Amino acid sequence: MTYDFDEKVERKGTDCMKYDRVGEACGRCDVLPMWVADMDFRTPPFVMEALGRRMQQGVMGYTCRDIGYYRSICNWNKQQYGMEVRPEEICYVPGVVCGIFLTLQCMTKEGDRILIQEPVYHPFRLVPEACGRQVVMSSLRRTETSFDMDMERLEKDIKGCKAMILCNPHNPGGVCWTREQLQQVARICHENGVLVISDEIHCDMVLGGRRHIPFASVCPEARENSITLQAPTKTYNLPGIVASHAIIYNEVLRERIFSYIQGCDMDLGNIFAGDCVKACYTPEALEWKTQMLDYVQGNIDYLCKRLSEEAPAIKPIRPQASFLVFLDCRELGFETQEELEKFFSDKAHIGMNSGSMFGPGGKGYMRMNVGCPRSVLGQAIDQIVAALG
């Protein structure tokens, strides 16, 4: 089946955060929304069919997950990443961010130091702060074309920390960390007694023929000292249905965290979650994903080409994963991040995420969501070029 990613789906007035709250986020409503990290493509038909079957049962009562749910996760990880997972090593969590929160609440205490590698997805900072932990920012190193881990700095900054929140693949930089890099992280954290919480929600969105490397798969130290958080929701565009899960190999760690999640009554989930996971981890879903990623890659190529030709002062970091592009706007010459934000909202009339929300290393950057029809992306680029002219 061939899927149509050029279709424009009307999302305004549907309680859609991306469109109906853009005014709150950007200070004005007359902007093209390219901020919240969901795509403007229709949720795949096989997911909608699974939801329809559940709706037809007629009673929206308490639900549980059958063995098919667990087997689908096990089979997907084995087929896609060569990672063996058993059903008992899996637990439903109500969202990846919530999984981070629950793990911190269970495994750390108020005042503990939690390390993040900025610039990075802002809940990595907000969640520890919200539960009274001290955030340690171990900055990534800017390379000529992307971001890299600064292992020497990480070795210093990790001292005294209780946990590290790893973004694998990285958001907003779109970096797919190498096996060697992940092994170094595993060694450093193991030697310092630091638990690794690996957010791998973008794992199914690697581009250019790459293959995602799960943190827990790189060495025994990583396997025994980590919790992996996954979800099909980002890839298959159903973040409004909370369908995430945690994988923990270490039996002692697993018992402690899973019993805490269950004790908080956070493992039940909504009635649609299991159906969506099973629908997404199938050969049919793989075909949709392949076509979607090809389209997103085409959008990234189109963006990079046009900006290099028509707005060369804006240098996009070409992502290795996901539909989010971090735009290096430092050569535009704005003195403050606020001036940069206002240029895009007030002059170019585009709503994007400010780079500063991801940490100090994001100053001078903006994050653009290119998970949209190419005609919409073309309109955004036209508006940027016109604003610069």
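Residues numbered from 1 in each chain as written. Predicted model: local features only at pLDDT ≥ 70, side-chain atom pairs only at ≥ 80, totals over all residues. Heavy atoms only, no water.

If you tally the helices and strands in the chain, you get 14 helices and 15 strands. Taken over the C-alpha trace, the chain has a radius of gyration of 21 Å; the compact-globule value for 389 residues is 21 Å, and the two agree within 12%. Principal axes of the C-alpha set define a box for the chain whose edges measure 60 × 55 × 35 Å. Out of the 389 residues belonging to the chain, those deemed buried represent 57%. If you take every contact in the chain between residues at least 6 apart in sequence, the share linking residues at least 24 apart comes to 74%. Summing over all exposed atoms, the chain offers an accessible surface of approximately 16,500 Å²; the carbon and sulfur share of this is 49%. The distance from the centre of the 43 positive side-chain charges to the centre of the 51 negative ones in the chain is 2 Å. (Helix = DSSP H or I, 4+ residues; strand = E, 2+ residues; numbered from the N terminus. Rg over C-alpha atoms; globule rule 2.2 N^0.38 Å. Buried < 20%, exposed > 50% of the residue type's maximum accessible area, 1.4 Å probe, protein only. Contact = heavy atoms within 4.5 Å. Areas by Shrake-Rupley, 256 points an atom, 1.4 Å probe, with all protein chains shown as cover. Lys, Arg positive; Asp, Glu negative; His and termini not counted. Charge placed at Lys NZ, Arg CZ, Asp CG, Glu CD.)

Here the focus is the sheet that holds strand E4 (residues 134-137). Overall, mixed pairing links the seven strands, which are arranged E2-E10-E9-E8-E7-E3-E4 in an open sheet. With one partner strand each, in any of the chains shown, strand E2 (90-93) and E4 form the two edges of the open sheet. Averaged over all pairs of adjacent strands, the angle between strand axes in this sheet comes to 25°, irrespective of strand direction. In this sheet, strand E10 (residues 244-247) lies alongside E2 in antiparallel orientation, the contact comprising four bridges. Counterpart to Ile90 in the pairing with E10 is Ile247. (Pairing = 2+ DSSP bridges. Axes fitted to C-alpha atoms, helices over the stretch in contact; angles between N-to-C directions.)

Another aspect to go through is helix H13 (residues 337-347). Of all the positions in H13, only Gln337, Leu340, Phe343, Phe344 and Ser345 are classed as buried. The secondary structure elements touched by the buried residues of H13 are helix H2 (22-26), strand E13 (350-351), strand E14 (353-354), strand E15 (365-369) and helix H14 (374-388). Immediately downstream of H13, the backbone of His349 shows phi near 55°, a positive value.

What follows deals with the environment of Trp35. Its place among the elements puts Trp35 in the loop between strand E1 (32-33) and helix H3 (45-55). Leave out the neighbours within four places in its chain, and Trp35 touches Met17, Lys18, Arg21, Val22, Ala25, Gly351, Met352, Asn353, Arg367 and Asn369.

So, on to the packing of aromatic side chains. Taken as a whole, this structure holds 15 aromatic pairs when the rule is applied. Between Tyr236 and Trp288, the ring centres sit 5.6 Å apart and the planes meet at 35°, which makes this aromatic pair tilted. Residue Tyr236 is found in the loop between strand E9 (226-230) and E10, and its partner Trp288 is found in helix H12 (residues 283-310); the two are separated by 52 residues along the sequence. The same class applies to Tyr236 and to Trp288, which are both buried. An angle of 75° between the planes, with centres 5.0 Å apart, marks the rings of Phe343 and Phe344 as edge-to-face. The pair Phe343 / Phe344 is uniform in exposure class, with both members buried. Members of the aromatic cluster, joined through ring pairs, are Phe5, Phe41, Phe46, Tyr236, Trp288 and Tyr295. Directly above the aromatic system of Tyr249 lies the positively charged group of Arg223, at a separation of 3.8 Å from the ring centroid. The ring of Tyr295 is capped by Arg374, whose NZ or CZ atom sits 4.5 Å from the centre of that ring. (Phe/Tyr/Trp six-rings, centres within 6.5 Å; stacked < 30°, edge-to-face > 60°. Lys NZ or Arg CZ within 6 Å of the ring centre and 35° of its normal.)

Two elements, strand E3 (residues 113-116) and E4, share four bridges in a ladder whose sense is parallel. Bridging from a neighbouring strand, Arg113 pairs with Gln134 of E4. Of the crossover connections in this fold, the one passing from E3 over helix H6 (residues 123-130) to the parallel E4 is right-handed. (Right-handed = clockwise from strand over helix to strand, strands pointing away.)

What follows concerns the sheet that holds strand E11 (residues 315-317). Read across the open sheet, the four strands follow the order E11-E12-E15-E14; overall the sheet is antiparallel. Sheet topology places E11 and E14 at the edges, where each strand pairs with a single neighbour. Bridge count for E11 against strand E12 (residues 324-328) is three bridges, and the pairing is antiparallel. Following the sheet pairing, Ile317 is matched in E12 by Phe326. Against the sheet, H12 contacts E11, E12 and E15, and its axis sits at roughly 15° relative to E12.

Within the fold, Asp267 resides in the loop between helix H10 (251-263) and helix H11 (273-280). Buried charge without a salt bridge: Asp267, with Arg65 as the nearest opposite-charge side chain at an N-O distance of 5.1 Å. With near-sequence residues (within four places) excluded, Asp267 lies in contact with Arg65, Cys91, Tyr92, Ile261 and Gln262. (Salt bridge = Lys/Arg side-chain N within 4 Å of Asp/Glu carboxyl O.)

Attention shifts here to the packing of H12 against H14. Contact geometry for H12 and H14: axes closest at 11 Å, N-to-C directions at 20°. As summarised for this structure, H12 and H14 are arranged roughly parallel, according to the angle between their axes. Judged by the sense of rotation from one axis to the other, the crossing of H12 with H14 is right-handed. Every residue of H14 that contacts H12 at Tyr295, Gly298, Asn299, Tyr302, Leu303, Arg306, Leu307 and Glu310 is listed here: Arg374, Leu377, Gly378, Ile381, Asp382 and Val385. Looking at the contact of H12 with H14 residue by residue, the classes come out as seven nonpolar, three polar and four charged. (Parallel < 35°, antiparallel > 145°, perpendicular 65-115°, else oblique. Left-handed = near helix turned anticlockwise from the far one by under 90°. Nonpolar A, V, L, I, M, F, W, Y, C, P; charged D, E, K, R; others polar.)

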